[in-house]
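# Topology and contacts: notes
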Amino acid sequence: MTALGTGFTRSRCWLHAHPLALDAAIACAVLVTMVTGSFADPHGGPNGPTFGTRTPGVLSLVLMTLASGALVFRRRRPMAVLAFTGVVTLVELVAGDPPSPVAMSAVIALYTVASRTDRPTTWRVGLLTMTGLTAAAMCFGSGPWYSQENLGIFAWTGIGATAGDAVRSRRAFVDAIRERAERAERTREEEARRRVAEERLRIARDLHDVVAHHIALVNVQAGVAAHVMDKRPDQAKEALAHVREASRSALNELRATVGLLRQSGDPEAPTEPAPGLAVLDQLLDTFRHAGLPVEVARPDKGLSAPLPAAVDLAAYRIIQEALTNVQKHAGPHARAEVSVVRVGSSAEVTVIDNGGGAASAADGREAGGGGHGLTGMRERVTALGGTLTTGPRYGGGFRVHAILPFTARTGERTVENA
């Protein structure tokens with residue numbers, strides 16, 4: 001049974017790969033069937049049709065051969081083959097007495113047209129073929145117009161058109177299902193790639209924020225320690241303690257961020273919450289210890305209810321990155337001010353500095369400083385559907401202003417004003 005099934009599958013695949021051979025085999029089968037049926041006499045006896053009492057004429061044999069031979073090209077030129085077999089059938093119905101079953105070739109050709117065209121074409125061509133052949137049989141046949149042979153031509157042509165239309169509909173349905181499945185597969189793959197890209201970008205932003213913030217603090221405190229090492233060892237010891245604390249915080253946040261790459265079932269995956277405005281005071285203290293005076297304007301005004309997690313994390317990272325840029329670019333005498341307020345259904349985060357009175361206070365940040373700080377902030381705000389405004393202040397300094405809606409909206413872009 002297995003060998004038989006394998007052989008059948010191979011034969012089917014070979015026939016699909018060689019459609020001309022399949023059509024030639026069908027044409028031979030149709031010719032044999034028509035020749036065999038031409039030996040039957042529908043009125044040969046009192047008890048019904050008899051076989052072998054009549055012999056087809058030479059003209060009928062020629063017409064049957066021509067009609068079946070045309071079926072070899074039914075896939076390439078379906079309408080032309082239908083027209084040719086229809087004409088041959090009309091000739092046989094007019095000249096043959098009784099006619100041979102040449103109409104069988106027209107039925108096969110009509111089936112091919114119906115299976116390879118649309119439904120309106122099938123209706124028009126089918127009705128024309130059925131009407132023409134049936135009318136010819138009724139008008140030129142030797143029997144009465146209501147004889148079963150005439151009704152048989154009408155029925156068989158109708159069956160051929162109906163069967164072809166059904167095959168075409170099923171083929172279109174199967175193709176639609178296959179296309180829908182392929183489209184769904186492509187959509188799943190694109191969605192997976194998009195999610196991977198978004199996750200990589202998010203992790204890159206977190207790593208940048210953590211590293212840039214803590215390394216900047218370590219750099220400042222190490223410079224202070226080196227400067228006062230000889231004259232004020234107690235102050236140098238305090239600066240080194242801040243270096244140690246900043247480096248430990250950096251390692252902890254890096255470990256937590258990298259731990260997100262673990263499998264979800266890994267028991268060693270980090271479980272501590274992401275940083276947010278609840279630990280804003282600790283963040284500001286690290287900058288104050290590094291020598292940057294930071295003030296909080298209107299703290300917690302309108303923020304009695306907790307912010308959504310994504311907005312809370314974005315606000316924290318924006319403040320962290322903005323103050324890091326102040327520490328790096330605003331000069332030694334810069335002062336910063338942080339404001340977080342709730343306006344309607346959004347949170348507004350503002351970080352300003354005086355730039356230390358230097359003209360270069362905002363230049364490094366406008367140019368990006370060779371890093372990705374402003375780009376990372378802009379991406380965070382865009383992901384939430386908010387707006388980001390950055391640029392130098394009138395009279396010196398720099399301003400970062402972000403509006404973070406609680407409900408993300410797509411299609412909005414960030415705005416940067418000089």
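For the structure, see preceding data.
Here we summarise the structure given alongside this text.

### Observations regarding the overall build of the protein chain
When helices and strands are counted, the protein chain shows 12 helices and seven strands. Across the protein chain, contacts joining residues at least 24 apart in sequence account for 69% of those joining residues at least 6 apart. Of the accessible surface of the protein chain, which amounts to about 24,200 Å², a share of 61% is contributed by carbon and sulfur atoms.

### Description of the sheet that holds strand E6 (residues 387-392)
The five strands lie next to each other as E3-E4-E5-E7-E6, forming an open sheet whose pairing is mixed. The outermost strands of the open sheet, each flanked by one partner alone, are strand E3 (294-297) and E6. Neighbour to neighbour, the strand axes of the sheet diverge by 10° on average, direction disregarded. For E3 and strand E4 (residues 336-343), the ladder comprises four bridges, and the chain directions are parallel. Across the sheet, Val-294 pairs through a bridge with Ala-336, a residue of E4. The strands touched by helix H9 (residues 280-289) within the sheet are E3 and E4, with E3 carrying the most contacts at an inclination of about 150°. The strands touched by helix H12 (residues 373-383) are E6 and strand E7 (398-405); relative to E6, the strand with the most contacts, the crossing angle is about 155°.

### Digging into the pattern of salt bridges
Tallying each qualifying case throughout the model produces 11 salt bridges. In this structure, the salt-bridge partner of Arg-74 is Asp-23, at a minimum N-O distance of 3.1 Å. Of this pair, Arg-74 sits in the loop between helix H3 (58-70) and helix H4 (78-95) while Asp-23 sits in helix H2 (residues 19-38), placing them 51 residues apart in sequence. Relative accessible area serves as the criterion here: at 2%, Asp-23 is assigned to the buried category.

### A few points about the environment of Leu-22
Structurally, Leu-22 can be placed in helix H2. Look at Leu-22 and you get partly exposed, because its relative accessible area is 25%. Separated by 50 residues in the primary sequence, Leu-22 and Val-72 have C-alpha atoms spaced 8.4 Å apart.

### Concerning the pairing of E6
Note that E6 and E7 share six bridges and pair antiparallel. Bridge pairing in E7 links Pro-392 to Phe-398. What sits between E6 and E7 in their antiparallel hairpin is a turn of five residues, with Gly-395 showing a positive phi close to 95°.

### Some thoughts on a nonpolar patch on the surface
Taken together, the side chains of Val-58, Val-62, Leu-66 and Phe-84 present a nonpolar region at the surface, about 360 Å² in accessible area. The dominant element in the nonpolar patch, judged by the number of residues it contributes, is H3, at three residues. Within the fold, Val-58 resides in helix H3. The exposure class of Val-58 is exposed, given its relative accessible area of 65%.

### Here we look at the packing of helix H10 (residues 309-329) against H12
Here H10 crosses H12 at 165°, and the two axes come no closer than 10 Å. Classified by the angle their axes make, H10 and H12 are roughly antiparallel. Both H10 and H12 take part in a crossing whose hand is left-handed. Of the residues in H12, those touching H10 at Arg-317, Ile-318, Glu-321, Ala-322 and Asn-325 are Gly-373, Leu-374, Met-377, Arg-380 and Val-381. Here the contact of H10 with H12 is built from residues that sort into five nonpolar, two polar and three charged.

### Looking at the nonpolar core
Formed by 35 residues in total, the largest nonpolar core has its most connected members in Val-294, Ile-318, Ile-319, Leu-323, Val-338 and Leu-404. Every residue in contact with Ile-318, bar those within four places of it in the chain, is listed here: Val-349, Met-377, Val-381, Val-400, Ala-402 and Leu-404. Val-88, Ala-109, Val-125 and Ala-161 belong to the second largest nonpolar core, which has 18 residues in total.

### Digging into H4
Note: α-helices contain 3.6 residues per turn, so residues at a spacing of three or four share the same orientation. An ideal rise of 1.5 Å per residue puts 26 Å on 18 residues; H4 measures up with 26 Å between its terminal C-alpha atoms. Along H4, the positions that sit buried rather than exposed are Pro-78, Val-81, Leu-82, Thr-85, Gly-86, Val-88, Thr-89, Glu-92 and Leu-93. Angularly, the buried residues of H4 cover 165° about the axis, an arc narrow enough to put them on a single face.

### What to know about the packing of H2 against helix H5 (residues 103-116)
The N-to-C vectors of H2 and H5 enclose an angle of 150°; their axes lie 9 Å apart at closest approach. Along its contact with H2, which presents Val-30, Thr-33 and Met-34, the element H5 presents Met-104, Ser-105 and Ile-108. Taken together, the residues of the contact of H2 with H5 break down into four nonpolar, two polar and no charged.

### Digging into H9
For H9, the full list of buried residues reads Leu-280, Leu-283, Leu-284 and Phe-287. Within H9, the buried residues cover an arc of 95° as seen down the axis, which keeps them to one side. Exposed residues lying more than 90 degrees from the buried face of H9 are Asp-281 and Gln-282. After H9 finishes, the residue Gly-291 shows a positive phi value of roughly 95°.

### As for the environment of Tyr-394
As for its placement among the helices and strands, Tyr-394 is situated in the loop between E6 and E7. A C-alpha to C-alpha distance of 9.8 Å links Tyr-394 and Asn-354, two positions 40 residues apart in sequence.

Definitions and cut-offs
Residues numbered from 1 in each chain as written. Predicted model: local features only at pLDDT ≥ 70, side-chain atom pairs only at ≥ 80, totals over all residues. Heavy atoms only, no water. Helix = DSSP H or I, 4+ residues; strand = E, 2+ residues; numbered from the N terminus. Contact = heavy atoms within 4.5 Å. Areas by Shrake-Rupley, 256 points an atom, 1.4 Å probe, with all protein chains shown as cover. Pairing = 2+ DSSP bridges. Axes fitted to C-alpha atoms, helices over the stretch in contact; angles between N-to-C directions. Salt bridge = Lys/Arg side-chain N within 4 Å of Asp/Glu carboxyl O. Buried < 20%, exposed > 50% of the residue type's maximum accessible area, 1.4 Å probe, protein only. Patch = residues over 30% accessible without salt bridge, like charges linked within 9 Å, V, L, I, M, F, W, Y side chains within 5 Å. Parallel < 35°, antiparallel > 145°, perpendicular 65-115°, else oblique. Left-handed = near helix turned anticlockwise from the far one by under 90°. Nonpolar A, V, L, I, M, F, W, Y, C, P; charged D, E, K, R; others polar. Core = buried A, V, L, I, M, F, W, Y, C linked by side-chain atoms within 4.5 Å. Expected span 1.5 Å × (residues − 1). Arc of directions from axis to C-beta.

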